[in-house]
Amino acid sequence: MSKARAAIVAGPQAAIKKARYSQNNTVWNTLFKRILIGIRGLILPVLILGIWQFVGSFYDVSDTLLPTPAAIFHSFLDLIFTGELWAHLKISIWRAAVGFGLGAGLGLLFGVIVGFSSRSEQVMDPTFQMLRTIPHLAVAPLFILWFGFGELSKVLLIAKGAFFPIYVNAFLGIRGVDSKLFEVARVLEFSRFHLITKLILPAAMPNILLGIRLSLGVAWLGLVVAELMGSSEGIGYMIMDARQFSNTDIVFVGIIIFAVVGKWTDSLVRVLEAKLLKWRDNFNGDDSSR
Amino acid sequence: MSVTIKSVHRTFKKSQEEDLIVLDDVNLHIKKEEFITIIGPSGCGKSTLLKIIAGLDRKFHGSILIGGQELTGPGIKQGFIFQEHRLFPWLTVEKNIAADLSLNDSEIRRKVDELIEIVRLKGFEKAYPRELSGGMAQRVAIARALLRNPDVLLLDEPFGALDAFTRTHLQDVLLDIWKKKKTTMILVTHDLDESIYLANRLVIMTPRPGRISQIIEIDMPYPRKKTDVRFQAIRQQVLTEFEKSELIH
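Residues numbered from 1 in each chain as written. Chains lettered and ligands numbered in written order. Predicted model: local features only at pLDDT ≥ 70, side-chain atom pairs only at ≥ 80, totals over all residues. Heavy atoms only, no water.

As recorded by an unreviewed UniProt entry, chain B carries the name Sulfonate transport system ATP-binding protein and is attributed to Peribacillus deserti.

The name given to chain A in an unreviewed UniProt entry is Sulfonate transport system permease protein, with the source organism recorded as Peribacillus deserti. Under the heading Sequence similarities (unreviewed entry), UniProt records this for chain A: "Belongs to the binding-protein-dependent transport system permease family." Per its UniProt entry, chain A bears the Subcellular location (unreviewed entry) comment "Cell membrane". (UniProt positions renumbered as here; feature names shortened; annotations may be inferred.)

Set out below in structure tokens:
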């Protein structure tokens, strides 16, 4: 976000900078700042890995309990070269994508419908709120019973998770539109179509994007549950399988893959956020006025 | 377009038993191309009256005629400028002016460019509202209303939140627009100098209940000077009128 922000406000700031420094200096400055931001994010993980490796190498810790980072990295390379990792990852990403698409799409649709009319809110919202609180693990057996061990039950389980965050947030976003701007829309004689496309959707966009981010996170969580409850491929299966053979290093590889892909998809949405919400003028945590 | 306000009454429910009379039998005829300012202390119902003329407030008794036609509701023919600019924060200046109209339409494009010129915002077409000062944002709001060729432009303390310099500048911009576009203007304010500086006729309202207490014709040529003797005389006249109404209450 901060990088994108920097690019957005570059207009007036760049002009000031140009006056102060030479062009060349500015480029180096921004590059240096970016590297600094990257390093800040790495401090904690590197420190933890260092201590972890140190403890693993110099004290007697069982590999089944806690393999060292080096050992985990080694099996990670192994999994890549055999092609096993990619095969598992591919099917996992496919499940997550389809489940997310289905769940988030329906969530957005119903969030918008319920947001627009209080009658549909009265009819549908109580039911959705009830369903929302049911945990994945409670319905997983039912889903297997109804939809079998195949892809359908997994995709539906992921979709169930992805549905609610975006549903709740789209609904909130629409209800949060400033009534003063509605008055403007009345004075300007907006058609119903323009009321939605020019006022309500843009105003609700911050919430909708937040919903998408949360939904993506939940989709990954749903994926783990879906793959752990019974499958023959996928990252979740890889973890299950490795655990049974006490290959803890592979369990770690699976966990790290989940974390990295999860973070990566989140970053994608944030890029989208920076693009769609560049009109916003909010505090970005970087108090440069001091 | 002329505006006729005929015996308008408006009451707000204060509590179960008690009603608050906000407007009590207000009558006013505003001629075509006239510049009217309505002045009065807060709570005299001047903003309510403006909202009624705009069609935003429908819970009144009496009638409003615009160009001889009965008012049916809010619309682009009664352009409204709010106290705050109320721009869409996600649209750039030019898109805010166009709003629901498409800039791809060459006729709209031409008019928008022309209006940006009139409100003196050249170079800011692609800026977002957060990048604008209060005065600039209010000028965008004025351009947005003007694009729809309103029969009458209603302004509800449009410069109230601005500093003195910006306010004077915008008053000149407004006079400029009025000269060019010949739009009937109704401006509500609590700034005495502003109302005398702009108006053909100055309407004084007094509160509890909201009534028109006096209408003053100002036939001084534009641009007016605030230091002018006649300007000061009118100022005194209005102040005396307010003092009178203070004595009554």
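Okay, back to it.
**Student:** When you look at the interface of chain A and chain B in this model, what are you seeing that I'm missing?
**Tutor:** For interface size, the figure often reported is the accessible area lost on association. In this complex, chain A contributes 19 residues to the contact, which on the side of chain B involves 22 residues. For the pair chain A and chain B, the summed buried surface comes to about 2,100 Å²; carbon and sulfur atoms form 65% of the total. Among the residues of chain A in contact with chain B, Val187, Leu188 and Trp279 of chain A are the three that bury the most area, contributing 30% of the side total. Between chain A and chain B we count three salt bridges in total. With a shortest N-O distance of 3.8 Å, Lys51 of chain B and Glu183 of chain A are connected by a salt bridge. For the pair chain A and chain B, the number of links is ten residue pairs in polar contact (both at pLDDT 80 or more). Per-element tally for the side of chain A that touches chain B: the top contributor is helix H9 (residues 179-187) of chain A, with six residues. (Contact = heavy atoms within 4.5 Å. Buried area = accessible area lost by both parts, 1.4 Å probe. Salt bridge = Lys/Arg side-chain N within 4 Å of Asp/Glu carboxyl O. Polar contact = N/O pair within 3.5 Å; in protein donor to acceptor, adjacent residues only side chain to side chain. Helix = DSSP H or I, 4+ residues; strand = E, 2+ residues; numbered from the N terminus.)

**Student:** Looking at this structure, how should I read the packing of helix H6 (residues 118-132) of chain A against helix H8 (residues 151-175) of chain A?
**Tutor:** All names here are of chain A. Put simply, H6 and H8 touch, their axes get as near as 11 Å, and they point 145° apart. By crossing handedness, the relation of H6 to H8 is classed as left-handed. Contact residues: Ser118, Glu121, Asp125, Phe128, Gln129, Leu131 and Arg132 in H6; Phe163, Phe164, Tyr167, Val168, Phe171 and Arg175 in H8. For the contact of H6 with H8, the class distribution of residues is seven nonpolar, two polar and four charged. (Axes fitted to C-alpha atoms, helices over the stretch in contact; angles between N-to-C directions. Left-handed = near helix turned anticlockwise from the far one by under 90°. Nonpolar A, V, L, I, M, F, W, Y, C, P; charged D, E, K, R; others polar.)

**Student:** In this structure, what is going on with empty space enclosed by the protein? I would like to understand it.
**Tutor:** Empty space among the atoms can be located by rolling a probe the size of a water molecule over them. All chains considered together, the criterion is met by one cavity of 30 Å³ or more. Approximately 110 Å³ is the volume found for the largest cavity. As for the largest cavity, its lining consists of 15 residues, and the residues nearest its centre are Val187 and Leu188 of chain A together with Phe80, Arg144 and Ala145 of chain B. Of all the elements in the fold, those that place two or more residues in the lining of the largest cavity are H9 of chain A together with strand S6 (78-81) and helix H4 (134-146) of chain B. Broken down by element, the lining of the largest cavity gets its largest block of residues, four residues, from H4 of chain B. Considered class by class, the residues forming the lining of the largest cavity number nine nonpolar, three polar and three charged. (1 Å grid on protein atoms, 1.4 Å probe; cavity = no way out; pocket = protein on both sides within 12 Å on 5 of 7 lines; lining within 4 Å. Points joined across faces, edges and corners; volume = space filled by probe spheres on them.)

**Student:** Is there a simple way to think about the packing of helix H11 (residues 235-244) of chain A against helix H12 (residues 248-276) of chain A in this case?
**Tutor:** Between two packed helices, the angle of one axis relative to the other and the distance separating the axes together describe the packing. Residues and elements named next belong to chain A. Viewed as axis vectors pointing N to C, H11 and H12 meet at an angle of 160°, and their least axial separation amounts to 8 Å. Relative to H12, the element H11 lies roughly antiparallel. Like other packed secondary-structure pairs, H11 and H12 cross with a definite hand, here left-handed. Facing Ile235, Gly236, Met238, Ile239, Ala242 and Arg243 of H11, the residues of H12 in contact are Ile250, Val251, Val253, Gly254, Ile255, Ile257 and Phe258. Within the contact of H11 with H12, the residues separate by chemical class into ten nonpolar, two polar and one charged. (Parallel < 35°, antiparallel > 145°, perpendicular 65-115°, else oblique.)

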